[in-house]
Amino acid sequence: MPHYKSMESRRKTIALNTIYLYFGSFFQLIVGLYTSRALLQALGVEDFGIYGVVGGIIGLLSFINMAMGSASSRYITYELANGTIESQKRIFSVVFTVHIVIAILTFVLGESVGLWYVYNKLVVPDGRINAAHWVYQAAIFMSIINIIQVPYTASITAHEKMGFLSFWNSLNIFLKLIVIFLLYLVKTDELIFYASLMSVTTLFIGIGYFIYCKYSFKECRLERVTNKALFKEVLSFAGFSAFTSFANALRTQGTSLLINRFFGVTLNAAGSVASLISGYIISFTSNIITAFSPQIVKTYAVKDYNKMSNYIKQCMNYSLGLFSILAVPIFLEMNYALSLWLGKVPQYATEFCQISLVGALFGLLNMTALIAVQATAHVKKNSLYISITSLISVLFLYFLFMIGLKPYMAYFIYSITEFLIFSISVWNVKRLIPQVEMVSILFGISKTIFIITVSVVIVWGITNTLSFSIFRFLLVISIYTLVFGILFSLFSLTKEERQYLYTNLRSKFN
């Protein structure tokens, strides 16, 4: 039977895993920012926009996989806390079998509905439909590989082996960088060449996850499972989660398609830049959530609600604080940052990026709330309410574009929707787990948001008189980090958390 770690042991595990993830994510962030710039320059604005919008179609079709990713993580992690090796093998086999079915379904939908949209509705420049077709085929292949590897990545996260996860994700980013360098050496169609090599890279990374799990975890072995009730339970969880995943995919990719429909592929390039900016920052920040996630589920499994409340509060506060350190300076200096990063900035990219960062903040908080909801396996109401909210937002955006409003309204709607979705998840956490101290959690978040606001005012007051330059950009980063760090430590951290932090920092320096 599994043993339950002591508080000190769990705290050290979370801290160590966070460090692993951050070292990897820092490398991924730096390389990712460079590769995005290099890719935009190598492909050009139009091909860059084509790659973003075509990949978005497959993102829309893979909503079932996103739902199963949540189911995989929840059931594998829960079983590690409460189950035996036999029950863990059964869960893994059920989850893997379902993912094979999802991969087949994605292929069928992609080669029928999705392909029809590419040839009949997608707006692409003259002469680029053939390139769009091959990019689309590569996107289908990569999507299938990503679907099949989900049970393996979920097992790695459940076992809290973040060192390997960080290393392998960093290798993935590094391989993508090599692919972009190769673009400058070929004399064929760069867009098709890039999509082809990205497919090979995705396959290699997927094989690596498989080999690691096969030789590291005993439960990652396939066996025949005839327990229909277990299949039904997992599929029920995934089915309701699929509503959320489909609605989120429709909201995200549907926004991209609506921008393409009303404004053309050039503004899709601006949207891709906004997605990259918010995506990199969320990816970097969400490492805290990844480190806390197994412990949140495991504390629920053993009914330790006090510890669960503490983990949720710490996870939200820490992730929000780190997000602000990364996002606020970029938000304040967006024009200069994009010029420095991309050289040639697509139209509306600045507005898209700034507004999307506001929405990303609430999306980040919602990630933690969703972990708590999914830990209970009672996701029906939460999924339905979130799905309805997301679908209404897309319809409302379509109406706004129909009456001629500007394209940046898409990101205003996105930010408002993210706030509403977070509110729904918080309400459901309190409804499903009354023992969770949600009032205290929200009070802690409110204090952190107030600290962010005060820090922004101070930084803006100090730097507003300076002209845009690398000096001002670095000064904004330095002053905000210092001011926010001091205020966050004094007013957001508890005395115990401050003592733990100071003790560890002192021991590291000694």
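Residues numbered from 1 in each chain as written. Predicted model: local features only at pLDDT ≥ 70, side-chain atom pairs only at ≥ 80, totals over all residues. Heavy atoms only, no water.

(A) Examining the overall build of the protein more closely. From N to C terminus, the protein includes 17 helices and zero strands. Relative to its full complement of 510 residues, the protein shows a buried share of 55%. For the protein, contacts bridging at least 24 residues in sequence account for 85% of all contacts bridging at least 6. With an accessible surface of roughly 22,600 Å², the protein has 67% of that area assigned to carbon and sulfur atoms. (Helix = DSSP H or I, 4+ residues; strand = E, 2+ residues; numbered from the N terminus. Buried < 20%, exposed > 50% of the residue type's maximum accessible area, 1.4 Å probe, protein only. Contact = heavy atoms within 4.5 Å. Areas by Shrake-Rupley, 256 points an atom, 1.4 Å probe, with all protein chains shown as cover.)

(B) Focus on the confidence of the model for the protein. Here the protein averages 81 in pLDDT, while 87% of its residues score no lower than 70. Model confidence for the protein, summarised as mean pLDDT per element, is weakest for helix α17 (residues 495-509) at 62 and strongest for helix α14 (residues 409-432) at 92. (pLDDT = per-residue confidence, 0-100.)

(C) Fine view of the nonpolar core. V273, M308, F323 and L338 are the most contacted members of the largest nonpolar core, which totals 139 residues. Non-local contacts of F323, meaning those with residues more than four positions away in its chain, are made with I281, I282, T285, V328, L357, A360, L361 and L364. (Core = buried A, V, L, I, M, F, W, Y, C linked by side-chain atoms within 4.5 Å.)

(D) Just a nonpolar patch on the surface, in detail. On the surface, Y34, F174, I178, F181, L182, Y184 and L185 cluster together into a nonpolar patch covering about 690 Å² of accessible area. It is helix α5 (residues 162-183) that provides the largest number of residues to the nonpolar patch, a total of four residues. (Patch = residues over 30% accessible without salt bridge, like charges linked within 9 Å, V, L, I, M, F, W, Y side chains within 5 Å. Salt bridge = Lys/Arg side-chain N within 4 Å of Asp/Glu carboxyl O.)

(E) Region of interest: helix α8 (residues 265-285). In this model, α8 (21 residues) spans 30 Å end to end at C-alpha, consistent with the 30 Å of a helix rising 1.5 Å per residue. Within α8, 16 of the 21 residues are buried, which leaves it mostly tucked inside the rest of the structure. (Expected span 1.5 Å × (residues − 1).)

(F) Representation of the packing of helix α10 (residues 305-332) against helix α16 (residues 470-491) in the model. Two numbers describe how α10 lies on α16: the axes approach to 9 Å, and their chain directions differ by 155°. Regarding the angle of α10 to α16, the classification is roughly antiparallel. As for the relative orientation of α10 and α16, their crossing is right-handed in sense. Each of N317, Y318, G321, S324, I325, V328, P329 and L332 in α10 lies in contact with α16, whose residues at this interface are F473, V476, I477, Y480, T481, F484 and F488. Partitioning the contact of α10 with α16 into residue classes produces eleven nonpolar, four polar and no charged. (Axes fitted to C-alpha atoms, helices over the stretch in contact; angles between N-to-C directions. Parallel < 35°, antiparallel > 145°, perpendicular 65-115°, else oblique. Left-handed = near helix turned anticlockwise from the far one by under 90°. Nonpolar A, V, L, I, M, F, W, Y, C, P; charged D, E, K, R; others polar.)

(G) Layout of the pattern of salt bridges. If you walk through the whole model with that rule in mind, you get two salt bridges. Between R251 and E418 there is a salt bridge, with the nearest N and O atoms lying 3.1 Å from each other. Note that R251 is positioned in helix α7 (residues 228-263) and E418 in helix α14, a separation of 167 residues in sequence. Classification of E418 as buried rests on a relative accessible area of 9%. Put simply, R472 and E333 hold a salt bridge, and the shortest N to O gap is 2.8 Å. With R472 in helix α16 and E333 in the loop between α10 and α11 (334-342), the pair connects residues that are 139 residues apart, well separated along the chain. When sorted by exposure, R472 lands in the same class as E333, which is buried.

(H) Structural detail: empty space enclosed by the protein. Overall, the coordinates contain two cavities of 30 Å³ or more when judged by the stated rule. Each pocket or cavity is described by its volume, and for the second largest cavity that value is around 40 Å³. In this structure, the second largest cavity is lined by R251, T255, S393, V394, L397, A410, I413 and Y414. Residue assignment for the lining of the second largest cavity shows that the elements contributing at least two residues are α7, α13 (380-402) and α14. For the lining of the second largest cavity, the class distribution of residues is five nonpolar, two polar and one charged. (1 Å grid on protein atoms, 1.4 Å probe; cavity = no way out; pocket = protein on both sides within 12 Å on 5 of 7 lines; lining within 4 Å. Points joined across faces, edges and corners; volume = space filled by probe spheres on them.)

(I) Local environment of the packing of aromatic side chains. On inspection of all chains with the given rule, the structure shows 22 aromatic pairs. Their ring planes at 65° and their centres at 5.8 Å tell us that F262 and Y398 sit as a pair that is edge-to-face. Of this pair, F262 sits in helix α7 while Y398 sits in helix α13, and the two are 136 residues apart along the sequence. The partly exposed category is assigned to Y398, whose relative accessible area is 41%. Ring plane angle 65° and centroid distance 6.1 Å describe the contact between Y336 and F473, whose orientation is recorded as edge-to-face. With Y336 in helix α11 and F473 in helix α16, this residue pair connects regions lying 137 residues apart in the sequence. For Y336, a relative accessible area of 19% corresponds to the buried category. Residue class for F473 comes out buried when judged on its relative accessible area of 12%. Members of the aromatic cluster, joined through ring pairs, are F164, F167, W168, F204, Y209, Y212 and F217. (Phe/Tyr/Trp six-rings, centres within 6.5 Å; stacked < 30°, edge-to-face > 60°.)

(J) Representation of the state of the cysteines. The final tally for this structure, using the stated rule, is zero disulfides. With no disulfide of its own, C213 has C220 as its nearest cysteine by sulfur position, at a separation of 4.6 Å. (Disulfide = S-S within 2.5 Å.)

(K) Representation of the packing of α5 against helix α6 (residues 190-216) in the model. Running from amino to carboxyl end, α5 crosses α6 at an angle of 160°, the nearest separation of the two axes being 10 Å. Judged by the angle between their axes, α5 and α6 are roughly antiparallel. In this structure, the crossing between α5 and α6 has a hand that is right-handed. Here F164, L165, W168, N169, L171, N172, L175, K176, V179, I180, L182 and L183 of α5 come into contact with α6, specifically with E190, F193, Y194, L197, M198, T201, F204, I205, G208, Y209 and Y212. Class assignment for the residues of the contact of α5 with α6 results in 17 nonpolar, four polar and two charged.

(L) Here's a closer look at the environment of G404. Note on placement: G404 falls in the loop between α13 and α14. Between the C-alpha atom of G404 and that of F262, which follows or precedes it by 142 residues, the distance is 9.3 Å.

(M) Region of interest: the environment of M409. Among the structural elements, M409 can be located in helix α14. By relative accessible area, M409 is classed as partly exposed at 21%. A C-alpha to C-alpha distance of 7.6 Å links M409 and L397, two positions twelve residues apart in sequence. Apart from the residues lying within four places of it in its own chain, the contact partners of M409 are L397 and L400.

(N) Representation of unusual backbone geometry. In this structure, K303 takes a positive phi of about 60° despite not being glycine. Residue classification places K303 among the exposed positions, given a relative accessible area of 57%. For A377, which is not a glycine, the phi torsion comes out positive at approximately 70°. Its place among the elements puts A377 in the loop between α12 (349-376) and α13. The partly exposed category is assigned to A377, whose relative accessible area is 22%.

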